[in-house]
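Chain by chain, the residues:
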Amino acid sequence: MLAFHRTAIFEAFMSPGAPTPTKVLAARLAFFFGLWLMIAGWTAKDLPVGLVTAGGAVWISLRLLPPGHAQPRLAPLAALVLRFLRGSIFAGFDVARRALSPRLDLNPGFVACPLTLPSGESRNAFCLYQSLQPGTLPTGAEGGTLQVHALDRSQPVAANLAADEALFKKATGYE
Amino acid sequence: MSPWVLAGLVGAALVGLGLYGLILHPHPLRKLLAFNLIGSGVFLVFGIVARRGAAAGFSFDPIPQAMVITGIVVAFAASALAVALILRLHAESGRVTLDPEAWTKPDDGAAKS
Amino acid sequence: MIPLVDLFSLCAIGAGVFFFFAGTVGLLRFPDSLTRLHALAKADNLGLGLVALGLLPRADSALAAFKLIVIWALVLLSGASTAQLIGRALRRGRK
Amino acid sequence: MSVLPFLDVALALLVVGLAVWTIAARDLFASVVGYVAYGLLLALVWVRLYAPDVALTEAAVGSGVTGVLLITAGKRLGAARAGEAGPSPGLALKLFAGALALLVAGALVAIILILPDPAPSLAPQAAAAADGPGAGLGNPITAVLISYRSFDTMLEKVVLILAVLGVWSVGADKAWGAAPAPLGRRNPYGATVFLAQMLAPVGAVIGVHIFWVGADAPGGAFQGGALLAAMWMIAMMARITEPPRVDARWLRLALVAGPAVFLIAGLAGPLMAGSFFAFPHAFAKPIILFIEAFMLLSIAVALPALVAGPPNGRSE
């Protein structure tokens, strides 16, 4: 989720087209300064420290994660967030039902799913997203194959994942 | 039973447990963990002294608390030094034992010279 | 008006606690470590999300509400990452 | 009738149970994991003793960074299994150790139960420190650390530097000046990298905030510095950055900055306020924050240096 906050939502609001370095910088600075305000509150004497801290955090974030090629689009992004929330709710109910049913309703195992996202932050973000969806837990990718552990192999795991990936690509602009 | 008595009993139990592990575990890293348990037990006993010394408008005595903070950091520094020594021992000898007799036994996995 | 807000908080937090409970039951009942990871990651995500949702109307300000959402996001990030790492280590260990 | 006493008892049982697990677990990794969980719950006990500052330090340093240190050490020892460390102790030694442990714990319990009433307290002196030389500090702990017991705190930073020197000196002679061995594996997992990329800058903001509010609320240079150190270590585990060479000048400067600035401020005391480590009343708070900022830097650098270990000649 944090991924969407930082690299997607804010940069999406700041930049309808391809994000330029300046826009990325401004978006990240705004995010970290907002984070400071959230923790410290709005006190005049703390604001300079907050600005310096936010600047330092931007420097760290640029060292760790240089601006990528993400071109977030608002409409698919909103659809993705909605789908994530719906999936989260469904996943919670699904696990609760399986755990509380008298006969554990499980058919666990690994499913090898083809993955077209390039390795890197987009793939990592997608794996994080996928690990919170119903019945799936990515356990590492080898080449173009994602090894997913599924709670119920009778479900269309690979097909769902492919649909998720298509929407994810559309929302983040990674092709 | 007030919370501070309970915390004191926990601290005493931690010191006892840690002492037991420190004596019995042959692995030096496990000994180090046990030693850290003793340390946190001692800190906890000192913490109840701080809690009981509430005065001057505070609900605790700040001075023992500040010393516990210093203590936790120093305990970590000591642990790090101990870990470095253990790793060096292993790199030099290929073994992790602290048993002095193991070093004199010729047959028991001859140490690299 | 106020009782309605309280009722909402109560329901959301109660539902959140239920999902934590269900996740814990799953942790205890599921047969192996990999399936237990599912129980933890998914049930905690929804459980904590619902607790945060229930606390939202009680937040003092918009910033405090944002803080609740960020806490949820941070727990999601760390929980989901650890679940993947443990899952990967278990898969490697099986081979 | 409140539920708090029951929660206290449950918490105490959990803490002791996890301590038993730490001692009794079969392998090192399980034991360390138990110890980390134990440290987090112990932090809650500290909260119940009205010691939020200690709780933050225990959670960050006592549990978190110590856990990373021991897990890293276990991985570096690698193949050395528990059995190689020596034979399991015999029954006689077990009985002796058990009896000794019971005796020590029993004596402690007896002492705790007969602690003098009313308890002796230095709280009035601490209040004077918060009001006097450390004027305007809302957090008495910070006032005690920087003002009332400033010499202790300064020397404790020196202990950290000595420990770093000790760890560095344990390395092989020919490796001197090189960087310590990397913290993470050669091909870090995507999930680790992503966690570091997302979490580290956020954690850095929170760490600086914990330091900054330390003047008036629970927090301070120790707790904030430990958080900054943890964020740096996450980035090193994800192999986005590597441990710095031990002969890097910036590293050494950062290490000594905290105690050096503290000592200079203390030496300026006689000139400005009449005695060693005394600060002029009107400027006490800015001076203390200035000193703490450099201590934050030193702690944030010293803890990862201690975890990374001695310099290592080989690249991998």
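Treat the numbers as computed from the prediction; the structure is a model and nothing was measured. (Residues numbered from 1 in each chain as written. Chains lettered and ligands numbered in written order. Predicted model: local features only at pLDDT ≥ 70, side-chain atom pairs only at ≥ 80, totals over all residues. Heavy atoms only, no water.)

Draft legend 1. Structural context of the overall build of chain D. On a plain count of helices and strands, chain D comes out with 11 helices and zero strands. Starting at the N terminus, the α and β elements of chain D follow one another as α-α-α-α-α-α-α-α-α-α-α. By the burial criterion, 55% of the 316 residues in chain D qualify as buried. Nonlocal contacts in chain D, meaning residues at least 24 apart in sequence, comprise 76% of its contacts between residues at least 6 apart. A total accessible area of about 13,600 Å² is found for chain D, and carbon and sulfur atoms account for 72% of it. (Helix = DSSP H or I, 4+ residues; strand = E, 2+ residues; numbered from the N terminus. Buried < 20%, exposed > 50% of the residue type's maximum accessible area, 1.4 Å probe, protein only. Contact = heavy atoms within 4.5 Å. Areas by Shrake-Rupley, 256 points an atom, 1.4 Å probe, with all protein chains shown as cover.)

Draft legend 2. Quick look at the packing of helix H2 (residues 28–48) of chain D against helix H3 (residues 52–77) of chain D. All names here are of chain D. Between H2 and H3, the least distance of the axes is 8 Å, while the angle of their chain directions is 175°. Judged by the inter-axis angle, H2 sits roughly antiparallel to H3. Between H2 and H3, the residues in contact are Leu28, Phe29, Val32, Tyr35, Val36, Gly39, Leu40, Leu42, Ala43, Trp46 and Val47 and Val54, Ala55, Glu58, Ala59, Gly62, Ser63, Thr66, Gly67, Leu70, Ile71 and Gly74, respectively. A class-by-class count of the residues in the contact of H2 with H3 yields 15 nonpolar, six polar and one charged. (Axes fitted to C-alpha atoms, helices over the stretch in contact; angles between N-to-C directions. Parallel < 35°, antiparallel > 145°, perpendicular 65-115°, else oblique. Nonpolar A, V, L, I, M, F, W, Y, C, P; charged D, E, K, R; others polar.)

Draft legend 3. Focus on the interface of chain A and chain C. Between chain A and chain C, the contact holds 43 residues from the first and 39 residues from the second. Of the roughly 3,400 Å² buried between chain A and chain C on both sides combined, carbon and sulfur atoms contribute 76%. Taken together, chain A and chain C are joined by zero salt bridges. For the interface between chain A and chain C, the tally reads eight residue pairs in polar contact (both at pLDDT 80 or more). Taken together, the residues that form the side of chain A that touches chain C break down as 28 nonpolar, 13 polar and two charged. (Buried area = accessible area lost by both parts, 1.4 Å probe. Salt bridge = Lys/Arg side-chain N within 4 Å of Asp/Glu carboxyl O. Polar contact = N/O pair within 3.5 Å; in protein donor to acceptor, adjacent residues only side chain to side chain.)

Draft legend 4. Representation of the interface of chain D and chain B within the structure. Of the residues lining the interface, 90 residues belong to chain D; the matching set on chain B comes to 71 residues. Both faces considered, chain D and chain B share a buried interface measuring about 7,000 Å² in area, 82% of it formed by carbon and sulfur atoms. Three residues stand out in chain D for area buried against chain B, namely Ile23(D), Leu49(D) and Leu77(D), and they jointly supply 10% of the buried area on that side. Taken together, the links from chain D to chain B amount to zero salt bridges. The residue makeup of the side of chain D that touches chain B, split by class, is 65 nonpolar, 13 polar and 12 charged.

Draft legend 5. Seen up close, the pairing of strand S2 (residues 136–142) of chain A. Residue and element names in this part refer to chain A. With five of seven residues buried, S2 is to be regarded as a mostly interior element. Relative to strand S3 (residues 145–150), S2 is paired through five bridges, and the arrangement is antiparallel. The residue of S3 that forms the bridge with Thr136 is Ala150. Linking S2 to S3, which pair antiparallel, is a turn of two residues; within it Gly143 sits at a positive phi near 60°. (Pairing = 2+ DSSP bridges.)

Draft legend 6. Highlighting unusual backbone geometry. All names here are of chain D. Even without glycine at this site, Tyr50 takes up a positive phi of about 60°. Unusually for a residue other than glycine, Arg239 sits at a positive phi of about 60°. Within the secondary structure layout, Arg239 lies in the loop between helix H9 (221–237) and helix H10 (249–273). On the basis of relative accessibility, which here comes to 18%, the residue Arg239 falls in the buried class.

Draft legend 7. Fine view of the sheet that holds S3(A). Here three strands make up an open sheet; going across it, the order is S1-S3-S2 (chain A) and the pairing antiparallel. Each end of this open sheet is capped by a strand with a single partner; those strands are strand S1 (109–114) and S2 of chain A. If you compare each strand with its neighbour and ignore which way they point, the axes differ by 30° on average. The sheet strands contacting helix H3 (residues 62–94) of chain C are S1, S2 and S3 of chain A, and the helix crosses S2(A) at an angle near 65°.

Draft legend 8. View of the packing of helix H5 (residues 121–131) of chain A against helix H6 (residues 157–172) of chain A. Residue and element names in this part refer to chain A. Between H5 and H6, whose axes approach to 11 Å, the crossing angle comes to 130°. On the basis of the axis angle, H5 is oblique to H6. You can see that H5 and H6 cross each other, and the crossing is right-handed. Between H5 and H6, the contacting residues are Ser122, Ala125, Phe126, Tyr129 and Gln130 on the first element and Leu161, Asp164, Glu165 and Phe168 on the second. Across the contact of H5 with H6, the residue classes break down as five nonpolar, two polar and two charged. (Left-handed = near helix turned anticlockwise from the far one by under 90°.)

Draft legend 9. Layout of the side chain of Ser101(A). Of note, Ser101(A) is situated in the loop between helix H4 (74–100) and S1. Among the polar contacts made by the side chain of Ser101(A), one reaches the main-chain carbonyl oxygen of Arg98(A) at a distance of 3.5 Å.

Draft legend 10. Region of the structure containing the nonpolar core. Of all hydrophobic cores here, the largest spans 166 residues; its most connected members are Phe32(A), Trp36(A), Leu29(B), Tyr38(D), Trp46(D) and Leu306(D). At 15 residues, helix H11 (residues 284–308) of chain D tops the list of elements feeding residues into this core. Judged by nonpolar contacts, the second largest core, of seven residues, contains Val95(A), Ala99(A), Phe30(C) and Ala39(C). (Core = buried A, V, L, I, M, F, W, Y, C linked by side-chain atoms within 4.5 Å.)

Draft legend 11. Layout of the pattern of salt bridges. Residues and elements named next belong to chain A. Scanning all chains against the criterion turns up 10 salt bridges over all chains. Here Asp164 makes a salt bridge to Arg83, at a shortest N to O gap of 2.4 Å. Placement of Asp164 in helix H6 and of Arg83 in helix H4 is noted, with a sequence separation of 81 residues between them. Residues participating in the shared-partner salt-bridge network are Asp94, Arg97, Arg98 and Asp152.

Draft legend 12. Structural context of the packing of aromatic side chains. Applying the stated criterion across every chain yields a total of 11 aromatic pairs over all chains. Plain terms: the ring middles of Phe93(A) and Phe19(C) are 5.0 Å apart, the flat faces sit at 85° to each other, and that makes the pair edge-to-face. Of this pair, Phe93(A) sits in helix H4 while Phe19(C) is found in helix H1 (residues 2–29), placing the two residues in two different chains. A relative accessible area of 48% means that Phe93(A) is categorised as partly exposed. Taken together, the ring pairs connect Phe84(A), Phe126(A), Tyr129(A) and Phe168(A) into an aromatic cluster. (Phe/Tyr/Trp six-rings, centres within 6.5 Å; stacked < 30°, edge-to-face > 60°.)

Draft legend 13. A look at the confidence of the model for chain B. Across chain B, the average pLDDT comes to 82, with 83% of residues at 70 or higher. In the predicted structure, residues 106–113 of chain B sits below a pLDDT of 50 and forms eight contacts with residues beyond four places in sequence or in another chain. (pLDDT = per-residue confidence, 0-100.)

Draft legend 14. Just helix H8 (residues 190–213) of chain D, in detail. Residue and element names in this part refer to chain D. Here H8 is 24 residues long and its end C-alpha atoms lie 35 Å apart, about the 34 Å a rise of 1.5 Å per residue gives. Bending of H8 peaks at approximately 35° at the position of Leu199, with proline Pro201 no more than four residues after it. With 21 of 24 residues buried, H8 lies mostly within the body of the structure. (Expected span 1.5 Å × (residues − 1). Bend = angle between axes of the 7 residues up to and from the residue.)

Draft legend 15. Structural context of a nonpolar patch on the surface. Residues and elements named next belong to chain D. The grouping of Phe151, Leu155, Leu263, Leu267 and Phe276 at the surface amounts to a nonpolar patch, some 440 Å² of accessible area in total. Mapped by element, the contributors of at least two residues to the nonpolar patch are helix H7 (150–169) and H10. When you line up the elements, Phe276 lands in the loop between H10 and H11. (Patch = residues over 30% accessible without salt bridge, like charges linked within 9 Å, V, L, I, M, F, W, Y side chains within 5 Å.)

Draft legend 16. Structural view of the side chain of Asp8(D). With respect to the helices and strands, Asp8(D) occurs in helix H1 (residues 4–24). Those residues in contact with Asp8(D), other than ones at most four positions away along the chain, are Pro3(B), Leu6(B) and Arg48(D).

Draft legend 17. Spotlight on the environment of Lys174(D). Residues and elements named next belong to chain D. Its place among the elements puts Lys174 in the loop between H7 and H8. Judged by relative accessible area, Lys174 falls into the exposed class, the value being 82%. The spacing of Lys174 and Pro311 is 137 residues in sequence and 9.4 Å in space, taken between C-alpha atoms.

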